[in-house]
Amino acid sequence: MSDHSQAGPPADPAAAAAEPQRHLSRRSMLRGAGASAAGLAALAVAGPAVPALASASRPAAPAATGSRVAGGRTESVSQPLVVHLRDVQSGEMDVFAGTSHTRLRDPDLAARLARAAR
Amino acid sequence: MSSHREAPEISKDPVADSTDVYAFVSPDQPDTVTLVANYLPLQGPAGGPNFYEFGDDVLYEINVDNGGGGRADIIYQFRFQTLLRDPDTFLYNVGPIESLTSPNWNRRQVYTVTRVQDGKQQVLGSGLACPPCNIGPLSTPSYASLAGAAVHALPGGISVFAGQRAEGFYVDLGAIFDLGDLRPFEQLHAQYGLNVFTGPAPGVNATAALNVHSIALQVPISQLTRSSVTGEADPAAVIGVWTTASRQRVRLWDADNGEDVNCGPFRQVSRLGNPLFNEVLVPLGKKDLWNSLPPYDDKQFASYVTNPELAGLLPALYPGVFPNLAALVKSGAARADLEAILLTGIPAGIVPGFQNNTGSVLADMLRLNTAIPPSANPNELGIIGGDLAGFPNGRRVFDDVVTIELRAIAGATYPLVDSKYTPDAAAGEVTDGLTASSVPSGYLDQFPYLGVPYSGFSTPS
């Protein structure tokens, strides 16, 4: 297996990457996890639709994970966003998008999410 | 097992389950180190039509500590992407796969390799092809050369391979986890009064004819050490190696689209440094925690190393066979020998001509002294067999780590720290009865060193 002269990526990696793949359709879905004190809400939104998150401090993303996530989705097209509503009363929630995590405290939004989940 | 399904949570997540990690000075390229990380344990070769593959949603990393603190100074990251050519057939391949670009190959994987150092990321290669799984003579004829084409050259003289390999780790899993039975000595087992065994029996390799998925790198030594190395006594010659797998914090089953949605930061779900560390030393209630932590946090697990449960079990399971070990355990003396082997590295002055000490930080890592040249006559018992190029100086693919660690825990290495201690005769004999020759595939004498995977056609499930 030492014949590196044969080594290399597929003849046309770009073409290979463009082969048919399933893409996540754009969704406008709001899901609650019931009317309990904690829940999950998942949305697929374009990046600019969440300006509050765009300005949040984000940890460094592992290499090669920022532009593509499993399933071939690209952030510039559609980025999953999941909210874990930890406590309705205080409005504490975790927002996960791309490779970031932001903890928010927004009682009004929490109340709206809880209502939507009923 | 070395680390196959070793913790409750990771046993339910095979694609992220790190099973073995190897680090050794390449015998045929002695200016390089070979690093191999295995995942996806216990693959039945005939596992079609959805043959085994890496997880697109898993971040795989091989970590190198060259500063001695149990922290990753250099990280090699691997991300995979699965490509489906024709979603309207149930077939993995629609004809013979004779090349990595074969149109007959329907479901394939490519990957990206990224090197991270000092916070800087360098993509070393992308769109790199994995080989298919070894299916059989019709689907994957000339498998060895097909997989050979999946050894890719990266910048800086690095070679990389990611794909299926024959399992190189050997262990009598069935006997060991049947209450510590070691078949070659099973007539000496207490047997709980059941009197099942009347004489010795040969070991049985539970992983024979099973495959794994390997990520292998061959890297010039100069790219791994923190500075140029003057010789084996130079602390800079020693690197610590471990592998990890991480998942994003959120995974949501999107039933409408029939797929998972992943988002959030990556968090570690699997780790492996020294073989059998989490498997045999860490108790069940802490195995999942251990998998989530970096090596520099291992001080909290040190008592499981210095007072290992297995050292107390051996005299109980084999009455009268380990009297000196029983006395050592009863004394409560901390096993400084095991701490050195597994958590700090062996300091200079213990084994003539050798050290792989990384300082005082207690951290489970494979520690490789890169200045020790490959052995011309390797002994699979490594250092306790007089071969300084073998485990626990890193780990080679054929090293008999089960026997080495059994003997160490049984007291064979305690005289390194207490010259007054006399090991039991059995400590130098105990084994599960297997050797590297128990691996039917054998090993390759060149990168990636693990053998050609067993084919589904020729290997009974």
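Everything quoted here is computed from the prediction, not taken from an experiment.

**Examining the overall build of chain B**
Here comes step 1: A tally of helices and strands in chain B yields nine helices and 12 strands.
Here comes step 2: Relative to its length of 461 residues, chain B is compact, with a C-alpha radius of gyration of 22 Å against a globular reference of 23 Å.
Here comes step 3: The principal-axis extents of the C-alpha atoms in chain B amount to approximately 70 × 55 × 45 Å.
Here comes step 4: The buried share of chain B, taken over its 461 residues, is 53%.
Here comes step 5: Long-range pairs, those at least 24 residues apart, make up 65% of the contacts in chain B with a sequence separation of at least 6.

**Here we look at the overall build of chain A**
Here comes step 1: Looking only at helices and strands, one finds three helices and six strands in chain A.
Here comes step 2: In chain A, the succession of α and β elements from N to C terminus is α-β-α-β-β-β-β-β-α.
Here comes step 3: Out of the 118 residues in chain A, the part that is buried amounts to 28%.
Here comes step 4: In chain A, the share of contacts with a sequence separation of at least 24, taken over all contacts with a separation of at least 6, comes to 53%.

**Section: the sheet that holds strand 1 (residues 18-25) of chain B**
Residues and elements named next belong to chain B.
Here comes step 1: Overall, antiparallel pairing links the five strands, which are arranged 1-2-9-8-7 in an open sheet. Looking at strand neighbours, the two that pair on one side only are strand 1 and strand 7 (152-154), the edges of this open sheet. Taking each pair of neighbouring strands and ignoring which way they run, the sheet shows an average axis angle of 20°.
Here comes step 2: Here strand 8 (residues 158-166) runs beside strand 9 (residues 211-220); their pairing, made up of eight bridges, is antiparallel. The residue bridging A162 from the neighbouring strand is I215, located in strand 9.

**Digging into the pairing of strand 5 (residues 107-117) of chain B**
All names here are of chain B.
Here comes step 1: In terms of strand pairing, strand 4 (residues 74-84) meets strand 5 through 11 bridges, oriented antiparallel. From the neighbouring strand, Y76 faces strand 5, where its bridge partner is R115.
Here comes step 2: Note that strand 5 and strand 6 (residues 120-129) share seven bridges and pair antiparallel. In the sheet register, V116 faces strand 6, and the bridge partner there is Q121.
Here comes step 3: Connecting the antiparallel pair strand 5 and strand 6 is a turn made up of two residues, with D118 showing a positive phi of about 55°.

**Brief notes about the pairing of strand 9 of chain B**
All names here are of chain B.
Here comes step 1: Here strand 9 lies mainly inside the structure; nine of its 10 residues are buried.
Here comes step 2: Here strand 2 (residues 32-43) pairs with strand 9 via nine bridges, running antiparallel. If you follow Y39 over to strand 9, its bridge partner there is H213.

**What to know about the confidence of the model for chain B**
Here comes step 1: Residue-level pLDDT values for chain B average 97, and 99% of them are 70 or greater.
Here comes step 2: The complex model carries a pTM of 0.87, and its ipTM stands at 0.80.

**Things to note about helix 6 (residues 309-317) of chain B**
Here comes step 1: Restricting attention to buried positions, one finds in helix 6 of chain B the residues B:A311, B:L314, B:P315 and B:L317.
Here comes step 2: In this structure, the buried residues of helix 6 of chain B make contact with helix 7 (323-331) and helix 9 (401-412) of chain B.

**Focus: the nonpolar core**
Here comes step 1: By size, the foremost hydrophobic cluster in this structure holds 128 residues, and its most contacted members are B:V21, B:A23, B:V33, B:L35, B:V241 and B:A410.
Here comes step 2: Considering each element in turn, this core owes the most residues, eight residues, to helix 9 of chain B.
Here comes step 3: The residues touching B:L35, leaving out its near neighbours within four places in the chain, are B:A23, B:I62, B:L217, B:V219 and B:V241.
Here comes step 4: The next biggest cluster of nonpolar side chains, apart from the first, holds 15 residues, and it includes A:L81, A:V82, A:F96 and A:A97.

**Regarding the packing of helix 6 of chain B against helix 7 of chain B**
Helix packing geometry: the angle between the two helix axes and the distance between the axes.
Residues and elements named next belong to chain B.
Here comes step 1: Between helix 6 and helix 7, the least distance of the axes is 9 Å, while the angle of their chain directions is 135°. The pairing of helix 6 with helix 7 is recorded here as oblique in orientation. The two elements helix 6 and helix 7 meet at a crossing, and its hand is left-handed. Contact residues: helix 6 offers A311, G312, L314 and P315, while helix 7 offers L325, A326 and V329.

**A look at the confidence of the model for chain A**
All names here are of chain A.
Here comes step 1: The predicted model of chain A has a mean per-residue pLDDT of 56, with 34% of residues at 70 or higher.
Here comes step 2: Of the regions scoring below 50 in pLDDT, residues 1-38 engages in 88 contacts with residues more than four places distant in sequence or in other chains.
Here comes step 3: Considering only residues more than four positions removed or in separate chains, one finds that residues 44-77, a stretch of pLDDT under 50, has 64 contacts.

**With respect to the environment of B:S26**
Residues and elements named next belong to chain B.
Here comes step 1: Tracing the sequence through the fold places S26 in the loop between strand 1 and strand 2.
Here comes step 2: A count of 19 C-beta atoms within 10 Å places S26 in the partly exposed class.
Here comes step 3: Here the alpha-carbon distance between S26 and P374, two residues 348 residues apart in the chain, equals 7.0 Å.
Here comes step 4: Excluding anything up to four places from it in sequence, S26 contacts T32, V33, T34, Q218 and F447.

**Remarks on unusual backbone geometry**
Peptide bonds are, in most cases, trans, and in most cases residues other than glycine have a negative phi.
All names here are of chain B.
Here comes step 1: Following G48, the chain continues to P49 via a peptide bond in cis, the omega torsion being 0°.
Here comes step 2: Cis peptide bonds are those with omega within 30 degrees of zero, and the linkage from F391 to P392 qualifies with 5°.
Here comes step 3: Locating P392 in the fold gives a position in the loop between strand 12 (366-369) and helix 9.
Here comes step 4: Even without glycine at this site, L179 takes up a positive phi of about 55°.
Here comes step 5: Overall, L179 belongs to the exposed group, with 12 C-beta atoms counted inside 10 Å.
Here comes step 6: Here Y449, not a glycine, exhibits a phi torsion of approximately 75°, which is positive.
Here comes step 7: The topology assignment puts Y449 in the segment after helix 9.

**Structural notes on helix 7 of chain B**
Structurally, the α-helix is built with 3.6 residues per turn, so residues lying three or four positions apart point the same way.
All names here are of chain B.
Here comes step 1: Those residues of helix 7 lying buried are L325, L328 and V329. All buried residues of helix 7 lie within an arc of 100° about the axis, which places them on one face of the element. Opposite the buried face of helix 7, by more than 90 degrees, sit the exposed residues P323, K330 and S331.
Here comes step 2: Summarising the contacts, the buried residues of helix 7 are in contact with helix 6 and helix 9.

**A short note on the environment of B:F51**
Here comes step 1: Position of B:F51 among the secondary structure elements: in the loop between strand 2 and strand 3 (58-65).
Here comes step 2: Look past the residues within four positions of B:F51 in its chain and what remains in contact with it is B:Y92, B:C133 and B:I135.

The rules behind these values
- Residues numbered from 1 in each chain as written.
- Chains lettered and ligands numbered in written order.
- Predicted model: local features only at pLDDT ≥ 70, side-chain atom pairs only at ≥ 80, totals over all residues.
- Helix = DSSP H or I, 4+ residues; strand = E, 2+ residues; numbered from the N terminus.
- Rg over C-alpha atoms; globule rule 2.2 N^0.38 Å.
- Buried ≥ 20, exposed ≤ 12 C-beta atoms within 10 Å, placed from the backbone.
- Contact = placed C-beta atoms within 7 Å.
- Pairing = 2+ DSSP bridges.
- Axes fitted to C-alpha atoms, helices over the stretch in contact; angles between N-to-C directions.
- pLDDT = per-residue confidence, 0-100.
- Core = buried A, V, L, I, M, F, W, Y, C linked by C-beta atoms within 7 Å.
- Parallel < 35°, antiparallel > 145°, perpendicular 65-115°, else oblique.
- Left-handed = near helix turned anticlockwise from the far one by under 90°.
- Arc of directions from axis to C-beta.

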